[in-house]
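Observations on the three-dimensional arrangement
Each chain, written out:
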Number of protein chains: 2
Amino acid sequence: MPKIPHRLYLTEDQMPRQWYNLRADMPEQPDPMLNPATGKPVTEEDLYPIFCKELAHQEMDATTRYIDIPEGILAEYMIYRPSPLIRAYNLEKALDTPAKIYYKYEGNNTSGSHKLNSAIAQAYYAKQQGIHHLTTETGAGQWGTALAEACAYFGLQLDVFQVKCSYEQKPFRKAIMEVFDANVIPSPSTTTEAGRKILAENPNTTGSLGCAISEAVEKAVTSESCRYVLGSVLNQVLLHQSIIGLEAKKAMEVLDEYPDIIIGCAGGGSNLGGLIAPFMQDKLTGKADPRIVAVEPASCPSLTRGRYAYDFCDTGKVTPMARMYTLGAGFIPSANHAGGLRYHGMSPILSKLYHDGYMEATSVKQTGVFEAAVYFAKKETILPAPESAHAIRAAMDEAIRCRESGEAKTILFGLTGTGYFDMTAYSAYRAGSMSDYVPTDEELAQAFSTLPKIPGVQE
Amino acid sequence: MPKIPHRLYLTEDQMPRQWYNLRADMPEQPDPMLNPATGKPVTEEDLYPIFCKELAHQEMDATTRYIDIPEGILAEYMIYRPSPLIRAYNLEKALDTPAKIYYKYEGNNTSGSHKLNSAIAQAYYAKQQGIHHLTTETGAGQWGTALAEACAYFGLQLDVFQVKCSYEQKPFRKAIMEVFDANVIPSPSTTTEAGRKILAENPNTTGSLGCAISEAVEKAVTSESCRYVLGSVLNQVLLHQSIIGLEAKKAMEVLDEYPDIIIGCAGGGSNLGGLIAPFMQDKLTGKADPRIVAVEPASCPSLTRGRYAYDFCDTGKVTPMARMYTLGAGFIPSANHAGGLRYHGMSPILSKLYHDGYMEATSVKQTGVFEAAVYFAKKETILPAPESAHAIRAAMDEAIRCRESGEAKTILFGLTGTGYFDMTAYSAYRAGSMSDYVPTDEELAQAFSTLPKIPGVQE
């Protein structure tokens, strides 16, 4: 048996007891969110109708470096955490690479992904404030499942607006959310103003995350005891997800390892931001200089082809505006694209770090992603989520470059979840009927035209 | 945080390097398998056309107590093992029980169950012997998925005969087996003599494991470079699955714990036999006296309502005959029964131990099983396989009895896998359309009439 184990699980004593707030170490802060009504920066109080107070505070807090994880959250984390750090010996051997490949595997829970880390935190704080009812959206379905689990645990009512093409492609996602008593609604729906407006403009739309967000936010703000929660993009979500990176870094310390390259898939940025957090801290504070790589789908390329601009977080334009890499809130990704990672924008924190040169981004096409997913599954016994497979593709490509150059780099990537609810997509890949659609420059120009005009800020 | 961690993972150093062969400690051996052509006990050589040689040897070896796990198998085990021993703090709290509930969770791999433990072993030995092609059957689909994974890993061709009602109820099971390049055939099929015969007698049959076994065995024995493998019932499978119990017992030793009651679901006996193995050893050798409980579905009650008799392992009567608790090879379980555990017989080792009073058996109805499954999922964040939920039901019932009696018993049960491919059944449960069918005495009498007549042995 090799000296470094295949899987390393931290003990409960070794597990992080605090989240890490990346903003506390950023030399420059992301630009403030703007109130769409006034064009002025939003305050914590402005967010109270949308988010419960503690989460609104976390959203705005750019200075507290470490935040204690409440015992009530830790007790639930302990049921499925720590997640393992896995050395991909079999994959390394199959690729004949001198690189050392590690992955942090977040799929060992019924939500099937890392999303449960923030779902538990958000449901906990809502419960603490006496909120009885939450709304959210879900794209690929992992977030909705995670939140349904967390709400069942804490005894909260939940409405999930599920992007229509996902609702139709993945009927069992709805079924599993319903096991946890969630009320699942395909979006756009006729239950909200935002949904009715989008349907009137485009009756055949397959939906988008931006649209589902509009519906969920509208439903929350029109009821006193109801709040909205979001599974990605937000600062608070990156904070909660820092548990991934903190565990990964600690596990690598136990093994006396440090990554040369850290790779994560990027949709709204929840996994990437969490995985890289403590490594980015090292980079920002001059302690180390790893390469940090975001991998996005070529069909929804917000970092690699988007604009760094103020934009709405939703299609219905009911949310505050954030400055981020965006394709325009009007961008609707191709329904042929199988997985998640379909969001038009990107976490403002990650957008700022990318803009300032602290990380790289690359995009990959769908067929190559599934090719990597199947290759990985056969070697490492885990069938990955299509989202996670974007990171696998990039990690395999780095390992192959190491084979060619002879360099023994240490690669760490995030395996965010499992693909058990994505079998339709896997079957399409096997049948050769998968699309490698990439938006044209004209399509992107059209979507950019939906960016808001803000007098004095963005004309 | 509590002193006993929520999850205990053994380190690689602590992991078992040998399987344990329960037969070496049994005061009386199970009756020998009989050759159906001669009525005489089968020899190891008789099995060579069906199983590869090393597996035929393991099948017949009743004396070697510990068998080294080859390095080639350990290397693959290490990718997904050790599986965690989990303390169900949340479930205990919800049930308000003084009992301590532990479960050994085998669902953290893409096959979704413990089946991978034997699949890897069987594929490894086939590969070692130069076999290129394997055949098998699958009911609920976990075994087929596990073997597809193992065959992809070792580069073997695989045909899976999937019980027709499962093939139809679980289309994504087929899809995931195909990702691992397996050839999946609904059974009964027209590709074998056995399948054609069964279809001629009963064109509308929904299939059974016994029938799928006939087809897979026929396909294997009619080709030189092909062998048959089976995921349960056999002695060799219980041997490989002893890894579950050995890990569980070691983990409990680390925690300074020992179970008063050990509970496992029982279909063919692969999980139960593996989980209980080292605890049964303690019982057989007088070192301890835990209660050992097999839980079977009321719709397929081989231990609780079957006969201890010689029977075929398959419907087509092509396999050797084994003495076991059986409902008769002609028994076809109700298609309304959602999960696995649909096999007419039971492992001869477990049948003998049950017959000789070393373990108990109980049966549970389907609605109560799914009720327990959903309750468990909401508390422990894992959506269990319906098969596993049989053990959950019985463990919860024991814990509730402890609440009533005030006894702080230590309960260990096997959580064999996850229910992600069983969402149709979960939706039926939620819709209230689940059947609690139990076979009538007349139906069982009819099935018993299919038991073979063996001159001088069983008239």
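Note: the structure precedes this text.
Being a predicted model, the structure only gives us computed values, none of them experimental.

A tally of helices and strands in chain A yields 17 helices and 15 strands. By the compact-globule yardstick of 23 Å for 459 residues, chain A fits well, its C-alpha radius of gyration being 20 Å. With respect to the principal axes defined by its C-alpha atoms, chain A has extents near 60 × 50 × 50 Å. Evaluated residue by residue, chain A yields a buried proportion of 67% over its 459 residues. Carbon and sulfur atoms provide 49% of the accessible area of chain A, an area that totals close to 14,700 Å². Of the side chains in chain A, 42 bear a positive and 53 a negative charge, and the two mean positions are spaced by 3 Å.

Before going further, it helps to examine the relation of the copies chain A and chain B. Look at the two chain copies: a rotation about an axis and a shift along it is all it takes to match them. Superposition record for chain A on chain B: RMSD 0.0 Å, screw rotation 180°, translation along axis 0.0 Å. In the structure described here, the two chain copies are related by an operation that fits a two-fold rotation axis. Distance from the rotation axis, computed per C-alpha, reaches its smallest value in chain A at Asn108 of chain A: 3.0 Å. A symmetric contact is evident, with 100% of the interface residues of chain A recurring at the interface of chain B.

Across the boundary between the two partners, chain A contributes 44 residues, which contact 44 residues of chain B. When chain A packs against chain B, close to 4,600 Å² is buried across both sides, 59% of that on carbon and sulfur atoms. The interface formed by chain A and chain B holds four salt bridges in total. At the junction of chain A and chain B, the tally comes to 20 residue pairs in polar contact (both at pLDDT 80 or more). Per element, the largest residue contribution to the side of chain A that touches chain B is seven residues, and it comes from helix α2 (residues 71-80) of chain A. Of the residues assigned to the side of chain A that touches chain B, the class counts are 23 nonpolar, eight polar and 13 charged.

Let's shift gears to unusual backbone geometry. Residues and elements named next belong to chain A. Each neighbour pair has its own omega, and for Ser187 with Pro188 the value is 5°, a cis peptide bond. Position of Pro188 among the secondary structure elements: in the loop between β8 (183-187) and α8 (193-201). The phi dihedral of Asp256 is positive, around 60°, even though this residue is not glycine. Mapped onto the elements, Asp256 comes out in the loop between α10 (235-254) and β10 (261-265).

With that settled, the discussion passes to the packing of aromatic side chains. Evaluation of the coordinates by the stated rule reveals 33 aromatic pairs over all chains. Each ring, one from Phe421 of chain A and one from Tyr420 of chain B, has its centre 6.1 Å from the other, and the planes form 55°; the classification is tilted. Taken together, the positions of Phe421 of chain A in the loop between β15 (410-415) and α16 (423-430) and Tyr420 of chain B in the loop between β15 (410-415) and α16 (423-430) put the pair across two chains. The class for Phe421 of chain A is buried, based on a relative accessible area of 7%. Looking at Tyr420 of chain B, the relative accessible area reads 6%, which means it is buried. Ring plane angle 80° and centroid distance 4.9 Å describe the contact between Tyr153 of chain B and Phe154 of chain B, whose orientation is recorded as edge-to-face.

Moving on, we get to the packing of α10 of chain A against helix α11 (residues 270-284) of chain A. All names here are of chain A. It is the contact of α10 with α11, at a shortest axis distance of 6 Å, that shows an interaxial angle of 60°. In terms of orientation, α10 and α11 fall into the oblique class. The handedness of the crossing between α10 and α11 is right-handed. Between α10, through Val237, Leu238, Gln241, Ser242, Ile244, Gly245, Leu246, Ala248 and Lys249, and α11, the contact on the second element is made entirely by Ser270, Asn271, Gly273, Gly274, Leu275, Ala277, Pro278, Phe279 and Asp282. Considering only residue class, the contact of α10 with α11 consists of nine nonpolar, seven polar and two charged.

The subject of this paragraph is the packing of helix α8 (residues 193-201) of chain B against helix α9 (residues 209-221) of chain B. Residues and elements named next belong to chain B. Where α8 contacts α9, the two axes come as close as 7 Å, and the packing angle between them is 150°. When α8 is examined against α9, the residues Glu193, Ala194, Gly195 and Ile198 are found in contact with a partner set consisting of Cys211, Ser214, Glu215 and Glu218. Among the residues forming the contact of α8 with α9, the class breakdown is three nonpolar, two polar and three charged.

The next point concerns the sheet that holds strand β9 (residues 226-228) of chain B. All names here are of chain B. As summarised here, the arrangement of the four strands in space is β8-β7-β6-β9, forming an open sheet in which the pairing is parallel. Strands at the two margins of the open sheet, each flanked by one partner only, are β8 (183-187) and β9. Sheet twist, expressed as the average angle between the axes of neighbouring strands with direction ignored, equals 25°. Both strand β6 (residues 133-138) and strand β7 (residues 157-163) contribute to a ladder of six bridges, which runs parallel. Within the sheet, the bridge partner assigned to Thr136 lies in β7 and is Val160. Helix-sheet contacts for helix α5 (residues 142-154) involve β6 and β7, and the interaxial angle to β6 is about 160°. Across the sheet, helix α7 (residues 171-179) touches β6, β7 and β8, and the angle it forms with β7 is around 175°.

Residues and elements named next belong to chain A. Reading across the sheet, the seven strands line up as β1-β4-β5-β15-β10-β11-β14 and stay open at both edges, with mixed pairing between neighbours. Two strands bound the open sheet, and with one partner strand each, they are β1 (7-8) and β14 (360-364). In this structure, β10 lies alongside β15, joined through three bridges in parallel fashion. Residue pairing for β15: Ile261 is matched across the bridge by Ile411.

Let us now look at the state of the cysteines. For the coordinates displayed, the defined rule picks out zero disulfides over all chains. Looking at Cys151 of chain A, it has no disulfide partner, and the nearest cysteine sulfur is the one in Cys226 of chain A, 10 Å off. Given a relative accessible area of 2%, Cys151 of chain A falls into the buried group. A disulfide-free cysteine, Cys300 of chain B has its sulfur positioned 11 Å from the sulfur of Cys165 of chain B, the nearest such atom.

A word on the pattern of salt bridges. This model, assessed by the stated rule, comprises 50 salt bridges over all chains. A salt bridge links Arg291 of chain A to Glu398 of chain A, with the nearest nitrogen and oxygen atoms 3.0 Å apart. Pair noted here: Arg291 of chain A is in strand β11 (residues 291-297) and Glu398 of chain A is in helix α15 (residues 386-405), with a separation of 107 residues, a long-range link. Taking the relative accessible area as the measure of exposure, Arg291 of chain A reaches 29% and is therefore partly exposed. Here Glu92 of chain B makes a salt bridge to Arg87 of chain B, at a shortest N to O gap of 2.6 Å. Ionic contacts of the salt-bridge type, sharing partners, join the residues Arg81, Lys104, Glu106 and Glu247 of chain A into one network.

Another aspect to go through is the side chain of Gln281 of chain A. Residues and elements named next belong to chain A. Note on placement: Gln281 falls in helix α11. A polar contact of 3.3 Å, which involves the side chain of Gln281, links it to the side chain of Tyr66. Excluding its chain neighbours within four sequence positions, the residues that come into contact with Gln281 are Tyr20, Leu22, Asp25, Arg65 and Tyr66.

Below, the discussion takes up the side chain of Asn108 of chain B. Tracing the backbone through its elements, the reader meets Asn108 of chain B in the loop between β5 (100-105) and α4 (116-128). On the accessibility criterion, Asn108 of chain B (8% relative accessible area) is buried. Excluding residues that lie within four positions of it along the chain, Asn108 of chain B makes contacts with Asn108 of chain A together with Arg7, Tyr9, Tyr80 and Pro84 of chain B.

All names here are of chain A. Considering the arrangement of structural elements, one finds Ile50 in the loop between β2 (18-20) and α1 (53-60). Overall, the relative accessible area of 11% leaves Ile50 in the buried class. For the pair Ile50 and Pro36, spaced 14 residues apart in the sequence, the C-alpha separation amounts to 14 Å.

Rules used in this analysis
- Residues numbered from 1 in each chain as written.
- Chains lettered and ligands numbered in written order.
- Predicted model: local features only at pLDDT ≥ 70, side-chain atom pairs only at ≥ 80, totals over all residues.
- Heavy atoms only, no water.
- Helix = DSSP H or I, 4+ residues; strand = E, 2+ residues; numbered from the N terminus.
- Rg over C-alpha atoms; globule rule 2.2 N^0.38 Å.
- Buried < 20%, exposed > 50% of the residue type's maximum accessible area, 1.4 Å probe, protein only.
- Areas by Shrake-Rupley, 256 points an atom, 1.4 Å probe, with all protein chains shown as cover.
- Lys, Arg positive; Asp, Glu negative; His and termini not counted.
- Charge placed at Lys NZ, Arg CZ, Asp CG, Glu CD.
- Least-squares fit on C-alpha atoms with pLDDT ≥ 70 in both.
- Contact = heavy atoms within 4.5 Å.
- Buried area = accessible area lost by both parts, 1.4 Å probe.
- Salt bridge = Lys/Arg side-chain N within 4 Å of Asp/Glu carboxyl O.
- Polar contact = N/O pair within 3.5 Å; in protein donor to acceptor, adjacent residues only side chain to side chain.
- Nonpolar A, V, L, I, M, F, W, Y, C, P; charged D, E, K, R; others polar.
- Phe/Tyr/Trp six-rings, centres within 6.5 Å; stacked < 30°, edge-to-face > 60°.
- Axes fitted to C-alpha atoms, helices over the stretch in contact; angles between N-to-C directions.
- Parallel < 35°, antiparallel > 145°, perpendicular 65-115°, else oblique.
- Left-handed = near helix turned anticlockwise from the far one by under 90°.
- Pairing = 2+ DSSP bridges.
- Disulfide = S-S within 2.5 Å.

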